[in-house]
Amino acid sequence: MKGERGLIARHAGTVLVGQLAVMAFGVTDTIIAGRYSENALAALSVGAAIFISVYVSLMGVLQALLPIWAELHGGGRSSEVGRSVRQSLYLAAIAIVVGMAALLSPGAVLRLTQVPAEMRGEVEMYLSVLAFALAPSLLFRLFSTLNQSLGKPQLVTWLQLGSLLVKLPLSIWFTFGGAGLPAMGLVGCGWATLCVNWAMLACAVWLLRSSPFYRNYRLWERIEKPDWNQIRQFARLGVPGGLAVLVEVTSFTLMALFIARLGTAAAAAHQIAANLMAVAYMVPLSLSIATSARVSFWLGAGDAAKARHSCRLGFELAVLCALLFATALVTLRFPLANVYSDNPAVIALAAALMLPVAAFHLADAMQTLCVFVLRCYRVTLAPLVIYCTMLWGLGLGGSYLLAYHGLGPWEAIQSPLAFWIMSAAALALTALLFGALLRWTMAKRAA
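Residues numbered from 1 in each chain as written. Predicted model: local features only at pLDDT ≥ 70, side-chain atom pairs only at ≥ 80, totals over all residues. Heavy atoms only, no water.

Within the chain, the regular secondary structure consists of 16 helices and 0 strands. Over its C-alpha atoms the chain spans a radius of gyration of 21 Å, differing by no more than 12% from the 22 Å that the globule rule assigns to 447 residues. Seen along its three principal axes, the alpha-carbon backbone of the chain occupies a region of about 60 × 60 × 40 Å. Burial statistics for the chain: of 447 residues in total, 56% are counted as buried. When contacts within the chain are restricted to residue pairs at least 6 apart in sequence, those whose partners lie at least 24 apart make up 82%. Carbon and sulfur atoms form 69% of the exposed surface of the chain, whose accessible area is close to 18100 Å². Here the chain contributes 30 positive and 17 negative side-chain charges, whose respective centroids are spaced 11 Å apart. (Helix = DSSP H or I, 4+ residues; strand = E, 2+ residues; numbered from the N terminus. Rg over C-alpha atoms; globule rule 2.2 N^0.38 Å. Buried < 20%, exposed > 50% of the residue type's maximum accessible area, 1.4 Å probe, protein only. Contact = heavy atoms within 4.5 Å. Areas by Shrake-Rupley, 256 points an atom, 1.4 Å probe, with all protein chains shown as cover. Lys, Arg positive; Asp, Glu negative; His and termini not counted. Charge placed at Lys NZ, Arg CZ, Asp CG, Glu CD.)

In structure tokens:
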């Protein structure tokens, strides 16, 4: 028991360090943009929300392949991993084309959500640069998912840590200028991300070619023609998973876009709250990746009891960590807000948002682990339906009504607080439904 818990914790800890390094990309960009100008920070709030919606939903499609490769690993079928990875490149190519098309044409979304006209130009330039950073980012995600499924996330983490050391000075230099380079403002952050993403992919390819660890998986054989049966298997698992992530993330994107009409102070405060919530989310995400890798490993090995045990251990760790982070967000809300901005109005509003953000994080931790483990049991459509109903319906729809029209006995609250309160309530209900679905699925599998 102790060994399995320690294995999950070590795997999650390694993934967490790498995820925090990548998350630091967004944190540093937020701080740098905020120090450059309040308008740049507001534009980043909108641009980052759109990019994250596209990237994370497509990443969800590829991340959903983890149970497939972990089961092959658990079943001792190492030679089949390479062919499966090569087939996944076809799915990645489709994802890249779709994602670039969305990022290069954001105008309709900006107009539909009534983002102020003076903000649109800077947002569009920022996204046009990030469109060309998407391909290396998604391909690196395949490399990351492969390593996580094989229980060896260390190489990914070292690459992510190294990339942060390059990203930080590049973002500062490109944004503020210097040494003969003119100041680019927010777009400079996008160029820094592009350079770092391509460098990370180049290092990943080199490792796949040179490291003895990958030799038994036969990754570098000639790529086969598309195997549509296997690609359909990928799609049945990945597409609903990606759409579920899309629903979750677009609820955040639309929240940011609706809040933008409340003014730059509201948009900036929301960006601070969302950024801190995203950092806290890395802990349950890492635990979910580690737990699902172990659950799938044991399912591949034909031991359903050990799979259930790994799931229980993952939940224990997730609950403990979520409580710690929620407490930190509440008690340190003013110092944390002050890191991002020196505007008293922005600091006060961002600190007030930390209370519903803490509740949101508790629910988010539970539902994230549930949805990752449900994928191990190939349950993907029901979570998608629940996400659509709760997050888009109750969360986003209820937030919009509460903020601009009033909801039931409550008058309109024209503040980001309305959006965070309703979203936290919707996510709490989502976590309860996912928990019940997971218990039913495991009981059915054991019967």
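Still to come is the rest of the account.
On to the pattern of salt bridges, then. Counted under the stated rule, the structure contains 9 salt bridges. Here Glu 316 makes a salt bridge to Arg 5, at a shortest N to O gap of 3.1 Å. Here Glu 316, found in helix α12 (residues 304–331), pairs with Arg 5, found in helix α1 (residues 2–36); they are 311 residues apart in sequence, far enough to count as distant. With relative accessibility at 44%, the residue Glu 316 sits in the partly exposed group. Note that Arg 83 and Asp 227 form a salt bridge whose closest N and O atoms lie 3.1 Å from each other. Remark: Asp 227 occurs in the loop between α9 (186–210) and α10 (228–260) and Arg 83 occurs in helix α4 (residues 79–104); sequence separation between them is 144 residues. On the basis of relative accessible area, Asp 227 is assigned to the partly exposed category, the value being 22%. Each of Arg 86, Arg 218, Glu 221 and Glu 224 takes part in salt bridges that share partners, so that together they form one network. (Salt bridge = Lys/Arg side-chain N within 4 Å of Asp/Glu carboxyl O.)

Counting 151 residues, the largest nonpolar core has Val 46, Leu 138, Phe 143, Tyr 377 and Trp 420 as the members making the most contacts within it. Ranked by residues supplied to this core, first place goes to helix α11 (residues 264–300) with 22 residues. When residues no more than four places from it in sequence are discounted, the contact partners of Trp 420 are Phe 252, Met 255, His 270, Ala 273, Ala 274, Met 277, Leu 353, Pro 356, Val 357 and Phe 360. (Core = buried A, V, L, I, M, F, W, Y, C linked by side-chain atoms within 4.5 Å.)

A few words on the packing of aromatic side chains. Inspection of every chain in the model, using the stated rule, returns 10 aromatic pairs. Here the aromatic rings of Trp 173 and Phe 174 are separated by 5.4 Å at their centres, their planes lie at 35 degrees, and the arrangement is tilted. Trp 173 gets classed as partly exposed once you look at its relative accessible area, which sits at 35%. Classification of Phe 174 by relative accessible area gives buried; the value is 11%. An aromatic cluster is built from Phe 140, Phe 143, Phe 213, Tyr 214 and Tyr 217, whose rings are joined through pairwise contacts. Taking NZ or CZ as reference, Arg 209 lies 4.5 Å from the ring centre of Trp 220, over its face. Lying across the ring of Phe 297, Arg 294 places its NZ or CZ 4.8 Å from the centre. (Phe/Tyr/Trp six-rings, centres within 6.5 Å; stacked < 30°, edge-to-face > 60°. Lys NZ or Arg CZ within 6 Å of the ring centre and 35° of its normal.)

Interhelical geometry of helix α3 (residues 66–74) versus α11 gives an angle of 45 degrees and a closest axis separation of 7 Å. On the basis of their axis angle, the class for α3 and α11 is oblique. The interaxial crossing formed by α3 with α11 has right-handed handedness. Contact with α3, carried on its side by Leu 66, Pro 67, Ala 70, Glu 71, His 73 and Gly 74, involves Ile 289, Ser 292, Ala 293, Ser 296, Phe 297, Leu 299 and Gly 300 of α11 and no other residues of that element. (Axes fitted to C-alpha atoms, helices over the stretch in contact; angles between N-to-C directions. Parallel < 35°, antiparallel > 145°, perpendicular 65-115°, else oblique. Left-handed = near helix turned anticlockwise from the far one by under 90°.)

The phi dihedral of Arg 218 is positive, around 50 degrees, even though this residue is not glycine. Relative to the assigned elements, Arg 218 resides in the loop between α9 and α10. We classify Arg 218 as partly exposed; its relative accessible area is 41%. Despite not being glycine, Arg 378 has its phi angle at roughly 65 degrees, a positive value. As for its placement among the helices and strands, Arg 378 is situated in the loop between α14 (344–376) and α15 (381–404). Judged by its relative accessible area of 36%, Arg 378 falls in the partly exposed class.

With that settled, the discussion passes to α12. Because each turn of an α-helix spans 3.6 residues, side chains separated by three or four positions end up pointing in the same direction. Compared with an ideal rise of 1.5 Å per residue, which puts 28 residues at 40 Å, α12 spans 41 Å between its outermost C-alpha atoms and is within 8% of the ideal. When α12 is considered as a whole, its buried residues turn out to be Ala 307, Ser 310, Cys 311, Leu 313, Gly 314, Phe 315, Leu 317, Ala 318, Ala 322, Ala 326 and Leu 329. (Expected span 1.5 Å × (residues − 1).)

Now for the environment of Arg 5. Judged by relative accessible area, which is 26%, Arg 5 ranks as partly exposed. When the C-alpha atoms of Arg 5 and Gly 314 are compared, they prove to be 7.6 Å apart, with 309 residues separating the residues in sequence. Leave out the neighbours within four places in its chain, and Arg 5 touches Leu 313, Glu 316 and Leu 317. A polar contact of 3.1 Å, which involves the side chain of Arg 5, links it to the side chain of Glu 316. (Polar contact = N/O pair within 3.5 Å; in protein donor to acceptor, adjacent residues only side chain to side chain.)

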